[in-house]
Structures are given as structure tokens and as C-alpha cells.
Amino acid sequence: MLSRTADHLFWMSRYTERAENTARLLDVNYQTSLLPQSAEVALLGWQGLLSISELLPAYQARHGDITPLRVMEFMVKDESNPSSIISCLRAARENARAVRGSLTTEVWETQNQTWLELNRLLKSGLLESDPGEFFEWVKFRSHLSRGVTVGTMLMDEALHFMRLGTFLERADNTARLVDVKFHAVHGDLFADGSEKTQQHDFYHWSAILRSVSGFEIYRKVYRDVIHPERVAELLILRADMPRSLHACLNEVVSNIAMVSDDRSLESYRRAGKLCAEMEFSRIEEILANGLHAYLTQFLDRVNEIGASISREFLVPN
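Residues numbered from 1 in each chain as written. Predicted model: local features only at pLDDT ≥ 70, side-chain atom pairs only at ≥ 80, totals over all residues. Heavy atoms only, no water.

Draft legend 1. Just empty space enclosed by the protein, in detail. In this structure the tally under the stated criterion is three cavities of 30 Å³ or more. As for the largest cavity, its lining consists of 13 residues, of which Ser13, Ser145, Arg146, Thr149 and Thr166 are closest to the centre. Examining the composition of the lining of the largest cavity, we find that five residues originate from one element, helix α8 (residues 131-152), more than from any other. (1 Å grid on protein atoms, 1.4 Å probe; cavity = no way out; pocket = protein on both sides within 12 Å on 5 of 7 lines; lining within 4 Å. Points joined across faces, edges and corners; volume = space filled by probe spheres on them. Helix = DSSP H or I, 4+ residues; strand = E, 2+ residues; numbered from the N terminus.)

Draft legend 2. Spatial organisation of the packing of helix α14 (residues 266-279) against helix α16 (residues 291-313). Close contact between α14 and α16 brings their axes to 8 Å; oriented N to C, the two are set at 155°. Judged on the interaxial angle alone, α16 and α14 are roughly antiparallel. Remark: the crossing between α14 and α16 carries left-handed chirality. Across from Glu266, Ser267, Arg270, Ala271, Lys273, Leu274, Glu277 and Met278 in α14, the residues of α16 making contact are Tyr294, Phe298, Arg301, Val302, Glu304, Ile305, Ser308, Ile309, Arg311, Glu312 and Phe313. Split into classes, the residues belonging to the contact of α14 with α16 amount to nine nonpolar, two polar and eight charged. (Axes fitted to C-alpha atoms, helices over the stretch in contact; angles between N-to-C directions. Parallel < 35°, antiparallel > 145°, perpendicular 65-115°, else oblique. Left-handed = near helix turned anticlockwise from the far one by under 90°. Contact = heavy atoms within 4.5 Å. Nonpolar A, V, L, I, M, F, W, Y, C, P; charged D, E, K, R; others polar.)

Draft legend 3. Layout of the pattern of salt bridges. For the structure shown, the criterion picks out 25 salt bridges. Here Arg18 makes a salt bridge to Glu169, at a shortest N to O gap of 3.0 Å. With a gap of 151 residues between them, Arg18 in helix α1 (residues 3-33) and Glu169 in helix α9 (residues 157-184) connect regions that are remote in the sequence. Take Arg18 and Glu169: they sit in the same class, and that class is buried. Between Arg24 and Glu20 there is a salt bridge, with the nearest N and O atoms lying 2.9 Å from each other. Here Arg24 pairs with Glu20, and both are found in helix α1, just four residues apart, close to one helical turn. The pair Arg24 / Glu20 is uniform in exposure class, with both members buried. Each of Glu17, Glu20, Arg24, Arg146, Arg170 and Arg243 takes part in a single network of salt bridges with overlapping partners. (Salt bridge = Lys/Arg side-chain N within 4 Å of Asp/Glu carboxyl O. Buried < 20%, exposed > 50% of the residue type's maximum accessible area, 1.4 Å probe, protein only.)

Draft legend 4. Up close: the layout of surface pockets. As a volume, the second largest pocket reaches approximately 430 Å³. Every residue lining the second largest pocket is counted, 25 residues in all, and those nearest its centre are Arg14, Arg18, Glu169, Asp172 and Arg176. Among the elements of the structure, α1, α9 and α16 are those that each provide at least two residues to the lining of the second largest pocket. Residues that form the lining of the second largest pocket fall into these classes: nine nonpolar, nine polar and seven charged.

Draft legend 5. Quick peek at the packing of aromatic side chains. Counting across every chain of the model gives eight aromatic pairs. Between the aromatic rings of Phe134 and Phe135, the centroid separation amounts to 5.8 Å while the plane-to-plane angle is 70°, which identifies the pairing as edge-to-face. You'll find Phe134 and Phe135 in the same group, each marked buried. Among the aromatic residues, ring-to-ring pairing joins Phe10, Trp11 and Tyr15 into one connected group. Here Arg210 stacks its cationic end above the ring of Phe215, 4.0 Å away from the centre of that ring. (Phe/Tyr/Trp six-rings, centres within 6.5 Å; stacked < 30°, edge-to-face > 60°. Lys NZ or Arg CZ within 6 Å of the ring centre and 35° of its normal.)

Draft legend 6. Spotlight on a nonpolar patch on the surface. A cluster of nonpolar side chains, Leu35, Phe202 and Tyr203, forms an exposed patch at the surface whose accessible area comes to about 240 Å². Classification of Leu35 by relative accessible area gives partly exposed; the value is 31%. (Patch = residues over 30% accessible without salt bridge, like charges linked within 9 Å, V, L, I, M, F, W, Y side chains within 5 Å. Areas by Shrake-Rupley, 256 points an atom, 1.4 Å probe, with all protein chains shown as cover.)

Draft legend 7. Spotlight on helix α11 (residues 215-222). Here α11 has its buried residues at Phe215, Tyr218 and Tyr222. Burial along α11 is one-sided: seen end-on, the buried residues are contained in an arc of 55°. Turned more than 90 degrees away from the buried face of α11 sit Glu216 and Lys220, all of them exposed. Once α11 ends, the next one or two residues include Arg223, with phi positive near 50°. (Arc of directions from axis to C-beta.)

Draft legend 8. Geometry of unusual backbone geometry. Even without being glycine, Ser213 reaches a positive phi, approximately 55°. With respect to the element layout, Ser213 can be found in the loop between α10 (195-211) and α11. Backbone geometry places Arg223, a non-glycine residue, at a positive phi of 50°.

Draft legend 9. Examining the environment of His8 more closely. Mapped onto the secondary structure, His8 falls in helix α1. In this structure, the C-alpha to C-alpha distance between His8 and Arg282, residues 274 residues apart in sequence, is 37 Å. With near-sequence residues (within four places) excluded, His8 lies in contact with Asn95, Ala98 and Val99. There is a polar contact of 2.8 Å between the side chain of His8 and the side chain of Asn95. (Polar contact = N/O pair within 3.5 Å; in protein donor to acceptor, adjacent residues only side chain to side chain.)

This is the structure:
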């Protein structure tokens, strides 16, 4: 496969996944903001959302004070923000258009229709009138895109590069989410046991789980009240949790293996090494050594894997 074609397919999937992840974070923050809480706590939630995407300085330079409406507009329809939903879906559509011949009709029409429908919804004012419905629409279009891709594409290199983009982006986002959310409430790991604290814990950790569609999975796996340590284990080490770091790395390794040859084994080696370390890790060891340090190192290594994939397979920057 031409490196330019692989590059477009890889980034088409990354941008689609990024739009969904942004919608998930915004939706959970919006739903949480409706709960009884102080203005200061609510503000920290929106600030944390910007920190996850490393967009706090860019937001403050453009808008100044943090308000829920401004944050949502910045993260949804501000075209100067490269990580906004409109920027991501436009980039996904442009990458798909560049390799139209490598996609099935269904995959192209899904990407194109998503872009056209997005503009219609934003003009209709749905984001302002019902943010929850808008975010559900973004998530649904991402699910549809992945389903159509797996259901109609030939299982060749094109599909493998698309899957690589999806799971590298998902691993990066989940790691950022866990890091920022745990760092923001590190004191909750040593809660005082009061009824008020327990109630706050439940809403906070359940919101984190819902942002990665993990609330029902947590209940099924642990059959217990929500504990921060188990939330971390589920989102980091459980290979059967679809959006966990371990599950994402498993997919990255298997898809790299399908496109690698003797001249391009560095990406496979890096991903395989990180995946093997996660398979034999224990959450107690990670927490004892520092969760923030572990996730910072994980993000660095995921970025190195992405850079290695770019060097070996994609168009050089």
C-alpha cells in the first residue's frame, strides 16, 4: 500500500475517534454539572476537561474565564481549535475523500453524511437546546463509522491502518482521562468515610465510568460499590474492557503485526513490549509507584509508537 494512502486512512480513523471521545467527555461533564454541587466544584470539572486535551492555555487566550457554554462551543464548533468536534469531523471527511478509491461506498457515504448532518445540526441550534442529544448523535455516528468499516471493508492493509488509528487514539484519550480525573480527586482515595463524601465519590466515579461506557461493565465485573482502585484497574489493565489501555494495546499489536515486515519491526517491538508489561502488571503496584507517573510514561510511550508508525509506514511530516 502507498504510504500516502495509509496515512489518510490512519488519520481518518483517528479524527473520527477523537470526535467521539470529545463528545463523551463533554456529555459526562454536562450531565454532572446538573447535579447539586458548588460553583467551584463545577468549574473544576470544566477546567479538567480542557486539561485532558491540553487546551486550557488555548481556551484562556481566546475566551478568558471558563464558563460551561463557552467551553462547549470551543470544544464543539470552534474551527480554530484543531481538537473541536467540527474540526475533527471535517478532517476525517477530507482524509476519506483523499482515498475515496480505497473505501467502500458505505464507508465514504457514512463519513460524508456525518459531515453534512453535523453542519445542519449546528445551524439548527441543537447544541444549545439539548446538548445531551447532540453528543449522543456524535457517538452514534462514530459507532456507525466503525461498524460499517468492519462490516464492509476487505480485511487487508487498509482496514488494519484504520484500526491502528482508532485504537492508538482511544488509548491516548483513556490515559488522559484517567490521569486528569484521578489527579483532580486524589484525596478521594483516602476519603473520610462520611455519607457526604461517599455520595460525592459515587457520582464522580460513576461519571468517569459512563464517559467510557464502563458503568454497566463495572457492575458486571466487580458486583460491588464503586472503588477508585477498581475503576483504575478496569480502565487500565482489564483486557476485556473495550476502552481500557490494555485492550487498545492488544488491538494495536495485532494490527501492526498484520502490516509489518522485516524492515518495519520497531513499531511492533515497542507496542508488543508495552502490551506485555501491561499483561503482567498489577494495579496495586501501579498505585504504589504513583498513578500519575505511570500514565505520563504510558502516554509518552504511546506517542513514541505513533511516531514510529509514521516513520515506518506513513507520509513523513
